[in-house]
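The residues making up each chain are set out below.
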Amino acid sequence: MVHGEHAVETGQILAEVRSRHPQAPWLPRIEGIAASTGITSRGWMLPLEAATAPSSGSGLRTPVAAAAREALARGGFTDQEVDRAIAALEAVPAPQTVQERTAPAWAAVQTYGERAARRALRGAGLDTTDVDCLITSHSTTPALPGLDLSLLNRLPLRGDVLLLPATQWACIAGTRSLALAADLVAADPDRVVLAVISEALSTTYQPADDTLESLIVRLLFADTAVAVVVTGRPRTESILRLDAAWHHTLPGTVDLHRLDTRADGTHFVMDRRGPRAVQETVAAMWNWLRERHQDDGQPWHPDLLLAHPGGTRVLEYMEQTMPDGWPAGLLAHSRDSYTTGNRGGAAVLDILRRAHDAGQKTGSRTVLYAAAPGLTATALEGEWL
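Residues numbered from 1 in each chain as written. Predicted model: local features only at pLDDT ≥ 70, side-chain atom pairs only at ≥ 80, totals over all residues. Heavy atoms only, no water.

The name given to the protein in an unreviewed UniProt entry is Polyketide synthase, with the source organism recorded as Streptomyces bungoensis.

Q: For the packing of helix α10 (residues 274-292) against helix α11 (residues 312-321), give the residues involved together with the corresponding values.
A: At their nearest, the axes of α10 and α11 sit 10 Å apart, and the two run at 35° to each other. Two packed elements cross with a definite hand, and for α10 against α11 that hand is right-handed. Residue-level contacts link P275, V278, Q279, V282, A283, M285 and W286 of α10 to R313, V314, Y317, M318 and T321 of α11. (Axes fitted to C-alpha atoms, helices over the stretch in contact; angles between N-to-C directions. Helix = DSSP H or I, 4+ residues; strand = E, 2+ residues; numbered from the N terminus. Left-handed = near helix turned anticlockwise from the far one by under 90°. Contact = heavy atoms within 4.5 Å.)

Q: How would you sum up the sheet that holds strand β7 (residues 224-231)? Please name residues and give values.
A: The strand order across the open sheet built from five strands is β1-β7-β6-β4-β5, with neighbouring strands paired in mixed fashion. Two strands close off the open sheet at either side, each with one partner strand: β1 (2-3) and β5 (162-165). Pairing of strand β4 (residues 133-137) with strand β6 (residues 192-199), which is carried by five bridges, proceeds in the parallel orientation. Considered in β6, the bridge of C133 is made with V193. The sheet strands contacting helix α8 (residues 173-187) are β4, β5, β6 and β7, and the helix crosses β6 at an angle near 165°. (Pairing = 2+ DSSP bridges.)

Q: Explain the sheet that holds strand β8 (residues 240-253) to me, and be specific about the residues and the numbers.
A: The strands making up a sheet associate through hydrogen bonds between their backbones, and the pairing can be parallel or antiparallel. Here we have four strands laid out as an open sheet, ordered β8-β13-β12-β11, and mixed in their pairing. Each end of this open sheet is capped by a strand with a single partner; those strands are β8 and β11 (304-308). Here the strands of the sheet are splayed against their neighbours by 10° on average, with no regard to which way each runs. With eight bridges connecting them, strand β12 (residues 365-372) and strand β13 (residues 374-384) associate as antiparallel partners. Of the residues in β13, the one forming a bridge with L368 is L380. Seen against the sheet, helix α13 (residues 347-358) touches β8, β11, β12 and β13 and runs at an angle of roughly 150° to β11.

Q: Help me get a handle on the nonpolar core, residues and values and all.
A: I135, L178, V193, L306, L349 and L368 are the most contacted members of the largest nonpolar core, which has 32 residues in total. Elements supplying a minimum of two residues to this core: β4, α8, β6, β7, β11, α13, β12 and β13. If you tally residues by element for this core, the top one is α8, at six residues. Not counting residues within four places of it along the chain, the set of residues in contact with L368 comprises T175, L178, L240, L306, V348, T378, A379 and L380. Counting 30 residues, the second-largest nonpolar core is a separate cluster that includes W246, L256, A307 and L330. (Core = buried A, V, L, I, M, F, W, Y, C linked by side-chain atoms within 4.5 Å. Buried < 20%, exposed > 50% of the residue type's maximum accessible area, 1.4 Å probe, protein only.)

Q: Can you lay out the UniProt feature "domain: Chalcone/stilbene synthase N-terminal" (unreviewed entry) in the protein for me, pointing to particular residues and giving the numbers?
A: The positions that UniProt labels "domain: Chalcone/stilbene synthase N-terminal" (unreviewed entry) are, in the present scheme, residues 96-233. As annotated, residues 96-233 comprises 42% helix and 18% strand, and the C-alpha atoms at either end are separated by 48 Å. (UniProt positions renumbered as here; feature names shortened; annotations may be inferred.)

Q: Lay out helix α1 (residues 10-20) with the relevant residues and their values.
A: An α-helical turn contains 3.6 residues, so a residue and the one three or four places further along point in the same direction. Of the positions making up α1, those classed as buried are T10, I13, L14, E16 and V17. Projected onto a plane normal to the axis of α1, the buried residues spread over an arc of 160° and lie on a single side. Structurally, α1 contributes buried residues whose contacts are with β2 (6-9), α2 (30-37), β3 (41-44), α3 (48-52) and α9 (212-220). (Arc of directions from axis to C-beta.)

Q: Mind laying out the UniProt feature "active site" (unreviewed entry) in the protein, listing which residues take part and the relevant values?
A: Under the local residue numbering, the UniProt record ascribes the feature "active site" (unreviewed entry) to C171. Mapped onto the fold, C171 is located in the loop between β5 and α8. The buried category is assigned to C171, whose relative accessible area is 18%. Other than its neighbours up to four places away in sequence, C171 contacts H308, G344, G345, A370, A371, A372 and P373.

Q: Before we move on, could you go through α2 and cite the residues and values that matter?
A: Of all the positions in α2, only I30, I33, A34 and T37 are classed as buried. Along the axis of α2, the buried residues cluster in a sector spanning 95°; they form a single face. Relative to its buried face, α2 has exposed residues pointing more than 90 degrees away, namely A35 and S36. Each element contacted by the buried residues of α2 is listed here: α1 and α9. Where α2 ends, the next residue or the one after it, G38, has phi of about 75°, a positive value.

Q: Explain the packing of aromatic side chains to me, and be specific about the residues and the numbers.
A: For the structure shown, the criterion picks out five aromatic pairs. Seen from their ring centres, F221 and F268 are 5.4 Å apart, and the 80° between their planes marks the pair as edge-to-face. On the criterion of sequence distance, the pair formed by F221 in the loop between α9 and β7 and F268 in strand β10 (residues 265-270) is long-range, its members being 47 residues apart. Centre to centre, the rings of W286 and W326 are 5.3 Å apart; their planes meet at 80°, and the pair counts as edge-to-face. One end of the pair, W286, is in helix α10; the other, W326, is in the loop between α11 and α12 (332-338), and 40 residues separate them in sequence. (Phe/Tyr/Trp six-rings, centres within 6.5 Å; stacked < 30°, edge-to-face > 60°.)

Q: I'd like to hear about the pattern of salt bridges, residue by residue, with values.
A: Enumeration according to the criterion identifies 22 salt bridges in this entry. The residue E16 makes a salt bridge to R20 at a minimum N-O spacing of 2.5 Å. Linking E16 with R20, this pair stays in helix α1, spanning four residues, or about one helical turn. Look at R20 and you get partly exposed, because its relative accessible area is 37%. The partner of R18 in a salt bridge is E31, with the nearest N and O atoms 2.5 Å apart. Separated by 13 residues along the polypeptide, R18 in helix α1 and E31 in helix α2 bring together distant segments of the chain. Look at E31 and you get partly exposed, because its relative accessible area is 46%. One continuous salt-bridge network, built from bridges that share partners, spans D336, R343, D350 and R354. (Salt bridge = Lys/Arg side-chain N within 4 Å of Asp/Glu carboxyl O.)

Below you can see the structure in the form of structure tokens.
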């Protein structure tokens, strides 16, 4: 795990929102909304000032000054009036452009991704030359070539490494990269798969947005890069055996959560129907687990449930709908991760890391789950080694 190095306090965000939107109808409620997230600080790859600064240009963008002068002159304005109008337009602070918001974040995503990859390989006792396949995801910083080719050159990796970029996986990147890696390793147990997810979710912080949903987006997201190695080779460093994967997609839900690219950058758009859709995938996952273990001959339950359903509201739903007899506290590591922000595709692996650092018994039955815009979900079942 490589967390964002710039600590952004909730109080800083609320102060910025108050100063920019003093007339917002929801302004009196922001303290309560912020408290309900349980997040007091989150790490970003870039400081808050990078997201809130005005553009290096001015409010006079189109038409440019010469064309604006000509148009005003044709409209009968005097030279003095034209000068005043142009000066006023040039003094207006403009929002950052897509390039101004995305370029620094993309640079950070590559740097953080490289650091995470090197740490994962070192922890696995492997070298960059051992990697046979690289899976990458970075949904908020679209680029072509992407993170896969950036890391191949930065690390560097062998020229015959299989590159599998999955930019649009978003919040399921952690679980789905593990599922894909497990399939690749099942076909060739000697294969070494490196998965790297690097997300600068702070690029969705849009200061000009004045909706209640935009306030929530401001408060939720954290920036993180994570890397993990999956292989069939017996290794003393291994921590989790992956036994089975499950995928589920709800049709007709593409409009619930999405990224919109506009003139001032990337906006994350949320729909209040989203949590209910995520709950449907949770119910489907319970069914998968029940059918998978219906012939065990004795009650089955996981010892660890590492889940990223997008928010604490669905975590509560998961606790309420767990099958009878399952122990309490299965989502403790998931809740702990959320106290420092929603990490998107890196979240499940952050939760896995927290479980590892807390110490687990060999044989602990483990389920990983995540849902993402689409609405699509992936879960895995495995056992602690």
